[in-house]
Amino acid sequence: MKKKIPPGVGPKFPQVVVLVGATGDLSRRKLLPGLFHLCSAGFIPACRIIGVSLDDIDVEAFRRIVRGALDEFGQREVADDAWRAFSGILDYVPLGAGPQVLREAVLRAEAAVGTESRRLHYLSVPPAAALPAVRLLGEAGLVENSRIVMEKPFGTDLASAVTLNARLHEVFREEQIFRIDHFLGKEPAQNILAFRFANGLFEPIWNRNFIDHIQIDVPETLTVGKRAAFYEGTGAYRDMVVTHLFQILAFTAMEPPTSLDPKSIGEEKFKVFRSMLPIKPEDVVRGQYNGYRAEEGVDPESETETFIALKCFIDNWRWAGVPFFLRTGKRLAEGQRIISIAFREPPKSMFPPGSGVGAQGPDHLTFDLADASKMSLSFYGKRPGPGMRLDKLSLQFAMHDTGMVGDVLEAYERLILDAMRGDHTLFTTADGIERLWEVSTPLLESPPPVRLYPEGSWGPKSIHQLIAPHAWRLPFERAWRAPNASGG
Ligand code: BG6
């Protein structure tokens, strides 16, 4: 049975989605399964989806690709009637067919859903293909009544991001543009804002006086798979850091916004980016997994990094002197997404030598950004029994235990709905992105050499020097507590 969708969650008007890059990796993994869920669960009043890509295929072949994507990557079961309905709203236009054919397909779709519909153009294409796609939409006369979602990375450096913004503005108005960063659509990312600003408990200690350092660590077990064409020219820094990790850093570090509207949040995030010191190449470790150069489509002498770890600073009143350590990479030992806040240790210890105090690192507040989020606060407590032996203990929260996990929308689903409703709150801004490219310039201009690392490891050895005298939280010394089985 369909769940009742609360009013205001979905768009008011029927939507015609033009999905450029419709047969690509992101589209198959996330966008098509996400659109399927949004349509079949009733979030969108009516919808038509026009796939566009370089592949010269017809609509039947596109339907087969979509079905394959739902079966392979969808998290939910595909019921026969839901699939029949969804396959009926799909259309396909090969890029080579030109603007006029695309326009006709959109007009047909609009005629089918009613004149009150809105257009959502989703550009799921690499940076170099973004402008040609924007031009195509302009030539097809599809700008009016539309919104456009641009995938990251937005440009590849400061100059290209500035040019892309300028060209984009020749066709679309700023309020039509949604620069997506799907990490901001993750439920636990928004929970950072709730946790920080809806509670009085931690705010007084959320600063340099109490926090020693912060880690944002997103190791992945995946290889580049079939994405070499995209990844070779992108690498881990542009793919993950200048995008997702810096956005998460902004949520963690920003001042309280005056309200939750897009302008106020955008302003506070921008202030964080403005206070960031330029990334120094000597504070960066670039790595590449053994075997990357043998992957299909990869240059045998590739210098593209599949791993990056770095130290950066936010030079403002709240954070001056507090290092932020960021790490992410492919083909690592574990897939995790954590933010770990390390608190300062007490100034003096009265506990006898050998009691164990401080032996397992400082107290930590840890956010796990998995879809079903988890949080943990670790501290030293007394081990029961005689004497005074201390152990690291923790308070843990798991969304699983609340019984609300079923309500979680996948990040792309949430953001597609927001774009359809015209809500910019969880999207990135042009000035914010340009500033991030600006702080990245020293690194992009003189990147340190890539160091090879074994598949299934935690990266090149020099990551330990980068963080010394601290240590990486991952791999965890103590595993998360298993979710409460009765919690539903
Ligand atoms: C994408 C990157 O934006 O994010 C991928 O292009 C990466 O390389 C992915 O694997 C990670 O996202 P998630 O939601 O799976 O953590």
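Further up the page is the structure itself.
In this report, the structure presented in the accompanying data block is examined.

Some details on the packing of helix H10 (residues 262-275) against helix H12 (residues 430-445)
How two helices pack is summed up by the angle between their axes together with the distance between the axes. Look at H10 against H12: their axes get within 9 Å of each other, and the N-to-C directions meet at 15°. Compared by their axis directions, H10 and H12 come out roughly parallel. The hand of the H10/H12 crossing is left-handed. Residues Phe 270, Phe 273 and Arg 274 of H10 form the contact with H12, whose own contacting residues are Asp 431, Gly 432, Arg 435, Leu 436 and Val 439. Considered class by class, the residues forming the contact of H10 with H12 number four nonpolar, one polar and three charged.

Observations concerning the site of the ligand
Lining the immediate environment of the ligand, one finds Lys 152, His 182, Phe 183, Lys 186, Glu 220, Leu 222, Arg 227, Asp 239, Met 240, His 244, Lys 330 and Arg 337. Contact distances for the ligand include 2.7 Å between an oxygen atom and a side-chain N or O atom of Lys 152. Within the side chain of Lys 330, a nitrogen or oxygen atom sits 2.5 Å from an oxygen atom of the ligand. For the ligand, whose accessible area on its own is 390 Å², the fraction buried by protein is 85%. Each residue belonging to the shell around the ligand can be placed in one class, and the counts come to three nonpolar, two polar and seven charged.

A short note on empty space enclosed by the protein
Enumeration according to the criterion identifies four cavities of 30 Å³ or more in this entry. There is about 110 Å³ of room inside the largest cavity. Those elements giving two or more residues to the lining of the largest cavity turn out to be helix H9 (235-253) and H12. Partitioned by chemical class, the residues of the lining of the largest cavity number eight nonpolar, three polar and four charged. As a volume, the second largest cavity reaches approximately 60 Å³. Residue lining of the second largest cavity: Leu 123, Val 125, Pro 126, Pro 127, Ala 130, Met 150, Glu 151, Lys 152, Pro 153, Phe 154 and Leu 164, and that is the complete set.

Some thoughts on the packing of helix H2 (residues 59-73) against helix H3 (residues 80-88)
Direction vectors running N to C along H2 and H3 enclose 140°, while the axes themselves pass 11 Å from each other. As the angle between them shows, H2 and H3 are arranged oblique. As for the relative orientation of H2 and H3, their crossing is right-handed in sense. Listed contacts from H3 to Arg 63, Val 66, Arg 67 and Leu 70 of H2 are Trp 83, Phe 86, Ser 87 and Gly 88. Split into classes, the residues belonging to the contact of H2 with H3 amount to four nonpolar, two polar and two charged.

Here's the deal with the pairing of strand E13 (residues 374-382)
Inspection of the sheet shows strand E12 (residues 364-368) paired to E13 by five bridges, in the antiparallel sense. The partner of Asp 368 across the bridge, within E13, is Lys 374. As paired strands, E13 and strand E14 (residues 390-398) are joined by nine bridges and run antiparallel to one another. Counted as the bridge partner of Lys 374 is Ala 398 from E14.

Here's the deal with the nonpolar core
Ranked by internal contacts, the top residues of the largest apolar core, which has 141 residues, are Phe 86, Leu 102, Met 150, Phe 246, Phe 324, Leu 326 and Phe 367. The biggest single contributor to this core is H9, with 12 residues.

Description of the environment of Asp 371
Take Asp 371: it is sitting in the loop between E12 and E13. Separated by 39 residues in sequence, Asp 371 and Glu 410 place their C-alpha atoms 7.2 Å apart. Setting aside residues no more than four positions away along its own chain, Asp 371 makes contact with Glu 187, Pro 188, Arg 337 and Val 408.

Section: helix H5 (residues 127-139)
What sets the pattern is the α-helix's 3.6 residues per turn: residues three or four places apart point alike. Residues Ala 130, Leu 131, Ala 133, Val 134, Leu 136 and Leu 137 constitute the buried set of H5. Elements in contact with the buried residues of H5: strand E1 (15-20), helix H4 (99-113), strand E4 (118-123), strand E5 (146-150) and helix H6 (158-171). Phi turns positive, to about 70°, at Gly 141, one or two residues after H5.

Description of helix H7 (residues 187-197)
By the burial criterion, the buried members of H7 are Pro 188, Ala 189, Gln 190, Ile 192, Leu 193, Phe 195 and Arg 196. Structurally, H7 contributes buried residues whose contacts are with H9, H10, strand E11 (338-343), E12, E13 and helix H11 (411-421).

Some remarks on the layout of surface pockets
Its volume calculated, the second largest pocket comes out at about 500 Å³. Every residue lining the second largest pocket is counted, 29 residues in all, and those nearest its centre are Gln 360, His 364, Lys 392, Arg 473 and Arg 478. Among the secondary structure elements, those contributing two or more residues to the lining of the second largest pocket are strand E7 (211-219), E12, E13 and E14. Element by element, the count of residues in the lining of the second largest pocket is highest for E14, at four residues. Taken together, the residues of the lining of the second largest pocket sort by class into 10 nonpolar, 11 polar and eight charged.

Observations concerning the sheet that holds strand E2 (residues 47-53)
If you trace the six strands from one edge of the open sheet to the other, you get E3-E2-E1-E4-E5-E6, paired in parallel fashion. Because the sheet does not close on itself, it has two edges, and the strands there are strand E3 (90-94) and strand E6 (177-179). Between one strand and the next, the sheet's axes are offset by a mean angle of 20°, whatever the strand orientation. Judged from the five bridges that link them, E4 and E5 form a sheet pairing that is parallel. Counterpart to Leu 120 in the pairing with E5 is Arg 147.

Here we look at the sheet that holds E13
Strand order in the open sheet formed by nine strands is E14-E13-E12-E11-E7-E10-E9-E8-E15, with mixed pairing between adjacent strands. Of all the strands in the sheet, the pair left with one neighbour each is E14 and strand E15 (450-453). For this sheet the average axis-to-axis angle between neighbouring strands, irrespective of direction, equals 20°. Against the sheet, H7 contacts E11, E12 and E13, and its axis sits at roughly 140° relative to E12. Against the sheet, H9 engages E7, strand E9 (307-312), strand E10 (324-329) and E11, with an angle of about 140° to E10.

A closer look at the environment of Phe 43
Along the chain, Phe 43 turns up in the loop between helix H1 (25-40) and E2. Separated by 163 residues in sequence, Phe 43 and Trp 206 have C-alpha atoms that sit 37 Å apart.

Rules used in this analysis
- Residues numbered from 1 in each chain as written.
- Predicted model: local features only at pLDDT ≥ 70, side-chain atom pairs only at ≥ 80, totals over all residues.
- Heavy atoms only, no water.
- Axes fitted to C-alpha atoms, helices over the stretch in contact; angles between N-to-C directions.
- Helix = DSSP H or I, 4+ residues; strand = E, 2+ residues; numbered from the N terminus.
- Parallel < 35°, antiparallel > 145°, perpendicular 65-115°, else oblique.
- Left-handed = near helix turned anticlockwise from the far one by under 90°.
- Contact = heavy atoms within 4.5 Å.
- Nonpolar A, V, L, I, M, F, W, Y, C, P; charged D, E, K, R; others polar.
- Near = heavy atom within 4 Å.
- Polar contact = N/O pair within 3.5 Å; in protein donor to acceptor, adjacent residues only side chain to side chain.
- Areas by Shrake-Rupley, 256 points an atom, 1.4 Å probe, with all protein chains shown as cover.
- 1 Å grid on protein atoms, 1.4 Å probe; cavity = no way out; pocket = protein on both sides within 12 Å on 5 of 7 lines; lining within 4 Å.
- Points joined across faces, edges and corners; volume = space filled by probe spheres on them.
- Pairing = 2+ DSSP bridges.
- Core = buried A, V, L, I, M, F, W, Y, C linked by side-chain atoms within 4.5 Å.
- Buried < 20%, exposed > 50% of the residue type's maximum accessible area, 1.4 Å probe, protein only.

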